[in-house]
Amino acid sequence: MFDLFYPFDWLATQIVTRLLGLSLESNLGASLHFFFYDVPKVLTLLLTISFAVGTLQSFLQPERVSVWLGGKRTLLGNIMAAAVGIITPFCSCSAVPLFIGFLEAGIPLGVTFSYLMSAPMVNEVAVVLLWGLFGLKVTLLYIGFGVGLAIAAGYTIGLLKLEKWVEPFVWELQKARGEQPNNQEEEDFQITKLTWRDRFQQGQFQSTEIFKSVWIYVVVGIGVGAGIHGYVPTELITRWAGSENPFAVPIAVMLGVPLYANIAGVLPITEALVNKGMPIGTVLSFTMAVTALSFPEMVILKKVLKPQLLLVFIGLMTLGIISLGYLFNSILKVS
């Protein structure tokens, strides 16, 4: 079978064995091969897919999204919001301002939460890294679980009618915004005027900006992962976080919640943990907790949400991520 990433493997092998004169079986050789293989592979995928998604985003502006989601008050709105989250900001702290803007625009609370949950967990950067590190099957499962969790949790919040736990100034801004004239037809005209050259330029700009903002996290993350791959004993990982420990998933989630890192810095480390014997569901649960329940995100949300609603959000996400970790482990174990 054709291996799309074979050239990167060949190049890494040549660097380690011929240029540096190391054995791939040695600790240092294994670490360096991991590093020199993953860095060019992941960064190439990052540029390619970010360009494609950036071009697609030229058809999708926040104002237009607000109109699309504004009239969707049932499950359809949650599905659409979670889908929009896939192709919008990949960091939770950059997704929060859009979340607040959606609330001000009159989009239902549960629908906005579906967006907030999906955006940092499931996006082009996550797809690139997961595909490059774990393959297509794991990528599709992660996307399905992440979007499903965002839809279910957002729909649940909508059913609970928790608008009373949103800070009053948000509804005041919503009322003030409703009194302003609607220029949507003019905005739609401006969007449709873009040529394909304009759209490709936007895709190039976005891929460049994403690359500049995350490449260092990717390289550092792969470097840490390379150290784990070459030097951390497999027995240590499997003893404390292996499939024999029934509490590995909730422990991983609880450790991830207080941390903050974007997904570009987390996933390269998780590859090394999986290679050392940690179940992939446990690892991805940790990843979801770090990216979707970060401390800075909670600080920003505290400005617009009362503590009761913030606790509901954290509780639903934590329970959902733990459940998905066990489900992920069971599916991959059977297959």
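See the structure above.
One structure accompanies this document, and this report is about it.

Rules used in this analysis
Residues numbered from 1 in each chain as written. Predicted model: local features only at pLDDT ≥ 70, side-chain atom pairs only at ≥ 80, totals over all residues. Heavy atoms only, no water. Helix = DSSP H or I, 4+ residues; strand = E, 2+ residues; numbered from the N terminus. Expected span 1.5 Å × (residues − 1). Buried < 20%, exposed > 50% of the residue type's maximum accessible area, 1.4 Å probe, protein only. Core = buried A, V, L, I, M, F, W, Y, C linked by side-chain atoms within 4.5 Å. Contact = heavy atoms within 4.5 Å. Axes fitted to C-alpha atoms, helices over the stretch in contact; angles between N-to-C directions. Left-handed = near helix turned anticlockwise from the far one by under 90°. Nonpolar A, V, L, I, M, F, W, Y, C, P; charged D, E, K, R; others polar. Phe/Tyr/Trp six-rings, centres within 6.5 Å; stacked < 30°, edge-to-face > 60°.

## Describing helix H15 (residues 280-292)
Argument step 1. The end-to-end C-alpha distance of H15, which contains 13 residues, comes to 18 Å, matching closely the 18 Å that a straight helix rising 1.5 Å per residue would cover.
Argument step 2. Across the 13 residues that make up H15, a large majority, 12, are buried.
Argument step 3. Looking at H15, one finds that the buried residues are Ile280, Gly281, Thr282, Val283, Leu284, Ser285, Thr287, Met288, Ala289, Val290, Thr291 and Ala292.

## Side note on the nonpolar core
Argument step 1. Core analysis: the largest hydrophobic core is formed by 75 residues, its most contacted members being Phe113, Tyr142, Leu301, Phe313 and Met317.
Argument step 2. Those residues within four positions of Met317 in sequence are excluded, and the remaining contacts are Met117, Met121, Leu149, Ala292 and Leu293.
Argument step 3. In terms of nonpolar packing, the next biggest core, distinct from the first, is built from seven residues, Ala81, Phe102, Val111 and Ala119 among them.

## A short note on the packing of helix H7 (residues 124-134) against helix H8 (residues 136-160)
The description of two helices packed together rests on the angle between their axes and the distance between the axes.
Argument step 1. Where H7 contacts H8, the axes come no closer than 7 Å and their chain directions differ by 145°. In the packing of H7 onto H8, the handedness of the crossing is right-handed. Facing Ala126, Val127, Leu130, Trp131 and Phe134 of H7, the residues of H8 in contact are Leu136, Val138, Thr139, Tyr142 and Ile143.
Argument step 2. The class makeup of the residues in the contact of H7 with H8 is nine nonpolar, one polar and no charged.

## Looking at the packing of aromatic side chains
Argument step 1. All told, the structure shown has five aromatic pairs when counted by the stated rule.
Argument step 2. Ring plane angle 80° and centroid distance 5.2 Å describe the contact between Phe145 and Phe328, whose orientation is recorded as edge-to-face. You can see Phe145 sitting in helix H8 and its partner Phe328 sitting in helix H17 (residues 307-334), a full 183 residues away along the chain.
Argument step 3. Owing to a relative accessible area of 3%, Phe328 belongs among the buried residues under this scheme.
Argument step 4. An aromatic cluster of three or more residues is present, and its members are Phe51, Trp196 and Phe200.

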